[in-house]
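Remarks on the overall topology
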Amino acid sequence: MIRNIQLRISLKEEGQPGGLKTKTAKYLGVSEDAIKIKVERKSIDARKPNIYFNYKLEVYINEPMPKSDGFSFEYKDVSNAKPIHIVGFGPAGMWAALRCLELGYKPIVLERGKNVQDRRRDLKAINQDHKVNPDSNYCFGEGGAGTYSDGKLYTRSLKRGDVRRVFESLVFHGATEEILIDAHPHIGTNKLPKIVQNIRETIIKFGGEVHFNTKVTNFKLNDNRINAIILNNEKELETQRVILATGHSARDIFELLHTKNIALKAKSFAMGVRVEHPQHIIDSIQYHCNGERSPLLPAAAYSLVQQVNNRGVYSFCMCPGGFIVPAATAESEVVVNGMSPSKRNNLYANSGIVVEINVDDDLPKYEQFGALKGLEYQKSLERLAFTSGGRSQVAPAQRLTDFVEGKISQDLNSTSYQPGLNSAPLHSLFPKLIGSRLRKGFAQFGKKMKGYYTEEANIVGVESRTSSPITIPRNEKLEHPEIKGLFPCGEGGGYAGGIVSAAMDGERCAEAAIIGL
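Read on for an overview of the structure. (Residues numbered from 1 in each chain as written. Predicted model: local features only at pLDDT ≥ 70, side-chain atom pairs only at ≥ 80, totals over all residues. Heavy atoms only, no water.)

Structural notes on the pairing of strand S19 (residues 458-463)
Strand residues, when the strand is regular, have side chains that alternate between the two faces of the sheet. Spelled out, the test is: Whether a residue is buried, partly exposed or exposed follows from its accessible area with a 1.4 Å probe, protein chains only, as a fraction of its type maximum: under 20%, in between, or over 50%, in that order. Labels follow the DSSP assignment, with helices taken as runs of H or I lasting at least four residues and strands as runs of E lasting at least two, numbered in each case from the N terminus. Two strands pair if DSSP finds at least two bridges between them.
Burial within S19 is extensive, with six of its six residues counted as buried. Bridge analysis of strand S12 (residues 269-278) against S19 gives four bridges, and the strand direction is antiparallel. From the neighbouring strand, Glu276 faces S19, where its bridge partner is Asn458. Relative to S19, strand S17 (residues 395-399) is paired through three bridges, and the arrangement is antiparallel. Considered in S19, the bridge of Gln398 is made with Ile459.

As for the packing of aromatic side chains
So the rule is basically this: Centre distance within 6.5 Å is the pairing criterion for rings of Phe, Tyr and Trp, where only the six-membered ring of Trp is used; planes under 30 degrees apart are then read as stacked, over 60 as edge-to-face, and the remainder as tilted. Note on geometry: a ring has a charge over it if NZ (lysine) or CZ (arginine) is within 6 Å of the ring centre and within 35 degrees of the ring normal.
Taken as a whole and judged by the stated rule, the model has 10 aromatic pairs. Here the aromatic rings of Tyr75 and Phe206 are separated by 5.6 Å at their centres, their planes lie at 55 degrees, and the arrangement is tilted. Remark: Phe206 occurs in the loop between helix H6 (192-205) and strand S6 (209-211) and Tyr75 occurs in the loop between strand S3 (52-61) and strand S4 (83-87); sequence separation between them is 131 residues. Look at Tyr75 and you get buried, because its relative accessible area is 10%. For Phe206, a relative accessible area of 21% gives the class partly exposed. Through pairs of rings, three or more aromatic residues link up here, namely Tyr302, Phe403, Phe442, Phe445 and Tyr452. In this structure, Arg112 packs its charged tip against the face of Phe140, placed 4.3 Å from the ring centre. The side chain of Arg474 reaches across the aromatic face of Tyr495, ending 3.7 Å from its centre.

Thoughts on the sheet that holds strand S7 (residues 216-221)
Definition in use: To get an axis, fit a line to the C-alpha atoms, keeping to the stretch in contact for a helix; angles then go from 0 to 180 degrees between the N-to-C directions.
Judged by pairing direction, the sheet is antiparallel, and its three strands sit side by side in the order S7-S8-S9 without closing on themselves. Of all the strands in the sheet, the pair left with one neighbour each is S7 and strand S9 (235-238). Pairs of neighbouring strands in the sheet enclose a mean axial angle of 25 degrees, with direction left out of account. Bridge count for S7 against strand S8 (residues 226-231) is five bridges, and the pairing is antiparallel. Looking across to S8, one finds that Phe219 is bridged to Ile229.

A look at the packing of helix H3 (residues 91-103) against helix H5 (residues 163-172)
As a reminder, the rule being used: Roughly parallel covers angles under 35 degrees, roughly antiparallel covers those over 145, roughly perpendicular covers 65 to 115, and oblique covers all other angles. Contacts are assigned to residue pairs that have any heavy atoms within 4.5 Å of one another. Residues are sorted three ways: Asp, Glu, Lys and Arg are charged, Ala, Val, Leu, Ile, Met, Phe, Trp, Tyr, Cys and Pro are nonpolar, and all the rest, Gly among them, are polar.
It is the contact of H3 with H5, at a shortest axis distance of 12 Å, that shows an interaxial angle of 90 degrees. With respect to each other, H3 and H5 are oriented roughly perpendicular. Every residue of H5 that contacts H3 at Trp95, Leu98, Arg99 and Glu102 is listed here: Arg165, Val166, Ser169 and Leu170. When grouped by side-chain class, the residues that make up the contact of H3 with H5 number four nonpolar, one polar and three charged.

A short note on the nonpolar core
Heads up, the condition is: Here, nonpolar core refers to any group of buried Ala, Val, Leu, Ile, Met, Phe, Trp, Tyr and Cys residues whose side-chain atoms link them within 4.5 Å.
In this structure, Tyr377, Ile434, Leu438, Phe442 and Tyr452 are the most contacted members of the largest nonpolar core, which totals 64 residues. Setting aside chain neighbours within four positions, we find Ile434 in contact with Met271, Gly272, Val355, Ile357, Tyr377 and Leu381. Formed by 59 residues, the second largest nonpolar core is a distinct cluster that contains Leu101, Phe487, Val500 and Ala503.

Describing helix H2 (residues 19-28)
Every buried residue of H2 is listed here: Gly19, Leu20, Thr24, Ala25 and Leu28. Against strand S1 (2-10), helix H1 (11-15), strand S2 (35-45) and S3 lie the buried residues of H2. One or two residues past the end of H2 sits Gly29, with phi positive at roughly 70 degrees.

Overview of helix H14 (residues 499-513)
Condition: Under the convention used throughout, the expected extent of a helix is 1.5 Å for every residue step, that is, one less than its residue count.
For H14, built from 15 residues, the straight-helix expectation of 21 Å at 1.5 Å per residue is met to within 8% by its first-to-last C-alpha distance of 21 Å. Among the 15 residues in H14, 13 count as buried, and that is most of the element.

In short, shape yes, function no, at least from these values alone.
So, in structure tokens, the structure goes:
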């Protein structure tokens, strides 16, 4: 007999020997020996002082649990198949390539950066020596910006594709099966590189190609159709189908398209800061505890949103037990991002706190840049962060309370950000569009989360790469409306916002690109 049930157990019950099984047997009125349990879903409800674990279970009563065969992917040998060229090897590019294997077409991936192993040296250089390799950094290289990130897999894009397929693909390539169960799954920056490498090996094993240090520097068009791409300003490669999956930081691609009068459209986005608290403060607030959190509980996260002067101010990419990293892609800018290891066991919690920017109303001084106006606005704040931080990868920072109250911080709290922090008056440096809204937003957040507004927190600038400030348009066939054979894809095209949604968009673009080939 099989029963599907939903069960709610307390933190105390969770910690007892046999916790879940004992509670399930008692709920069903059977002995523990009579049941076998498969967890379908797990979440934590910490809204009240009494913390509960919510489970969705499949229970087998007096019968064996069937063995799971896992999820299979039928990849074909595409060594001699028709090619699809994929520019960029982030989540969109990776899953576009995997889908090509299933469909019987040969993915040829062109990635400007290095593989995951070689990329580590450039990450060390930016953290320790403040040297930015513009083609290999936290944004560019094998796996894209997602490789060295928290690996958060939560998405609201449930109608854009098969979320479960993406999760099963990750498990197939080495991710833990826990991501199939957790309500807010994540993989961790320490585990993602191996998974990304496994995906690359799958592509090569079945006849696809992945080329690193291969930067697309131009496109050749004929009768509004893409027929060749130029690599590293030298090699010309003929093509009929190009999936453009370059990510939201490939500014040279936006500028190239703009120069060639290929239609682009400015898109609203968000910018702000990273706020960093000691993790124990967030734990105390979210878990209603004064001391250390229970070992049964993960590092606490939060999600905040507030309307301030007709613009949303909200938390973005919250990283419990994580660290702040330098995400610049050029020497003369400072950009910060956040990530966490799989155990989320670092001493700090950080989150982007950003302000919505409406490109139609908020950037009148940048109208001269047309579709690139949001991009140019991003650049201006990143250069400001660079100069106010000390013209290196040291980031400008301020105590949270000093920022809100308009005071210069005489000193700063310790931080996870390796290049270091420099005290700067961010309250006066930020344009009013962002700064005033952030200050009011933080004050409101302090009312929603008692203890959040504290001098023990730093704010660090600037968090500017939340999403693409540009949309590369496409029609109902997912093809650029002016250029045949060009398929804008993922975050860089303006069609995704995270690993899962980018992966699903990559699959859809692969399916679209093969039509008529």
